[in-house]
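Residues per chain are reported as follows:
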Amino acid sequence: MSWLSPPEWQAVALSLKVAGLATACSLPPGIAVAYLLARGRFVGHGLLNGLVHLPLILPPVVTGYLLLLGFAPNGPLGAALARVGIALAFNWKGAALAAAVMAFPLMVRAIRLAIEAVDPRLEAAASTLGASRAWVFATVTLPLIVPGIIAGAITAFAKAMGEFGATITFVSNIPGQTQTLPLAIYSQLQVPGGEGSAAKLVVISITLALGALLVSEALAKRVAAQIAGRDA
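Everything in this summary refers to the structure shown in the same document. Counting from 1, residues in each chain are numbered in the order their sequence is written. Local features in this predicted model are restricted to residues of pLDDT 70 or higher, and side-chain atom pairs are both shown and tallied only at a pLDDT of 80 or more, whereas totals for entire chains, interfaces and linings draw on every residue. The side-chain figures draw on all heavy atoms in the structure; neither hydrogens nor water molecules are used.

**Observations regarding a nonpolar patch on the surface**
Next, step 1: Together, Leu-47, Leu-51, Leu-54, Leu-56 and Ile-57 line one region of the surface with nonpolar side chains, adding up to about 500 Å² of accessible area.
Next, step 2: Inspection of the secondary structure puts Ile-57 in helix α2 (residues 45-57). Two distance rules govern patches: like charges are joined within 9 Å, and nonpolar side chains (Val, Leu, Ile, Met, Phe, Trp, Tyr) within 5 Å, applied only to residues with over 30% relative accessible area and no salt bridge. Using a 1.4 Å probe, accessible areas were evaluated by the Shrake-Rupley method; residue-level cover was limited to the displayed protein chains. Here a salt bridge means any side-chain nitrogen of Lys or Arg lying within 4 Å of a carboxyl oxygen belonging to Asp or Glu. Strands here are runs of E lasting at least two residues and helices are runs of H or I lasting at least four, both read from the DSSP assignment and numbered beginning at the N terminus.

**A word on the pattern of salt bridges**
Next, step 1: Applying the stated rule across the entire model yields three salt bridges.
Next, step 2: In this structure, the salt-bridge partner of Arg-112 is Glu-116, at a minimum N-O distance of 3.1 Å. Pair noted here: Arg-112 and Glu-116 are both in helix α5 (residues 92-116), with a separation of four residues, about one helical turn.
Next, step 3: Among the salt bridges present, the one from Arg-121 reaches Asp-119, with a minimum N-O distance of 2.8 Å.
Next, step 4: The classification of residues rests on relative accessible area computed with a 1.4 Å probe and restricted to protein chains. Under 20% of the type maximum is buried, over 50% is exposed, and intermediate values are partly exposed. Given the relative accessible area of 64%, Arg-121 is considered exposed.

**Let's talk about the packing of helix α1 (residues 6-39) against α2**
Next, step 1: Where α1 meets α2, the axes come as close as 10 Å, and the angle between the chain directions of the two elements is 140 degrees. Here α1 is positioned oblique relative to α2, judged by the angle of their axes. Between α1 and α2 lies a crossing whose hand is left-handed. Each of Val-33, Leu-36 and Leu-37 in α1 lies in contact with α2, whose residues at this interface are His-45, Leu-48, Asn-49 and Val-52. All axes here are fitted lines through C-alpha atoms, helices being fitted over the stretch that makes contact, and every angle between N-to-C directions spans 0 to 180 degrees. Every angle not falling under 35 degrees, over 145, or within 65 to 115 is termed oblique; those three ranges are roughly parallel, roughly antiparallel and roughly perpendicular. Two helices that cross are described as forming a left-handed crossing if the nearer one is turned anticlockwise from the farther one by less than a right angle, and a right-handed crossing if clockwise. Contact between two residues is taken to exist if any of their heavy atoms lie within 4.5 Å; hydrogens are not considered.

Here you go:
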């Protein structure tokens with residue numbers, strides 16, 4: 001007999017899909033925003049920093065409600081996406097968007113700290129040799145911040161796996177469609193006698209989160225050791 005029922009496995013699989021898509025789509029803009037915050041000096045720097053970190057201080061339900069206002073079928077962004085056949089509200093792709101928004105600040109923070117740890121003199125030296133800013137970033141900065149990128153991506157993945165408030169507000173809790181692992185745990189706790197199923201899902205949730213963090217640490221240390229070996 002399977003340890004989990006088919007609907008429970010479905011919730012686990014959907015969580016992995018949602019978290020994976022959220023992390024993959026967030027990574028390129030996360031690197032760009034982290035670089036702007038770490039190296040940029042421009043009007044609106046503080047505002048951008050505040051907007052990036054806003055999901056960390058807002059109640060998740062508020063974030064989900066704002067997403068619903070913007071991406072509902074009759075919302076300004078949702079109506080535009082509907083014209084090209086894309087629906088996010090009450091859809092698993094919307095769950096990925098909610099997870100990405102909630103995890104984005106953690107990703108940006110990890111990558112930003114990695115960029116700020118890079119000696120600006122290394123970048124300046126490459127610039128004096130005629131390299132463009134994009135080339136300096138690709139050949140000097142990016143290789144040095146790979147551990148931070150890995151840490152940020154996996155931390156964001158773990159956060160996306162556990163996202164609840166924004167997800168249930170934006171896409172509801174529809175079994176087989178939007179019911180991720182945290183929502184499945186919540187549903188089981190609302191059913192008399194569902195504590196056993198909830199406990200099993202909690203164990204899986206903890207295992208996945210700890211596994212992601214351990215993998216992050218191991219990969220970051222390995223990459224850092226390789227970089228140190230090349231510099232030696």
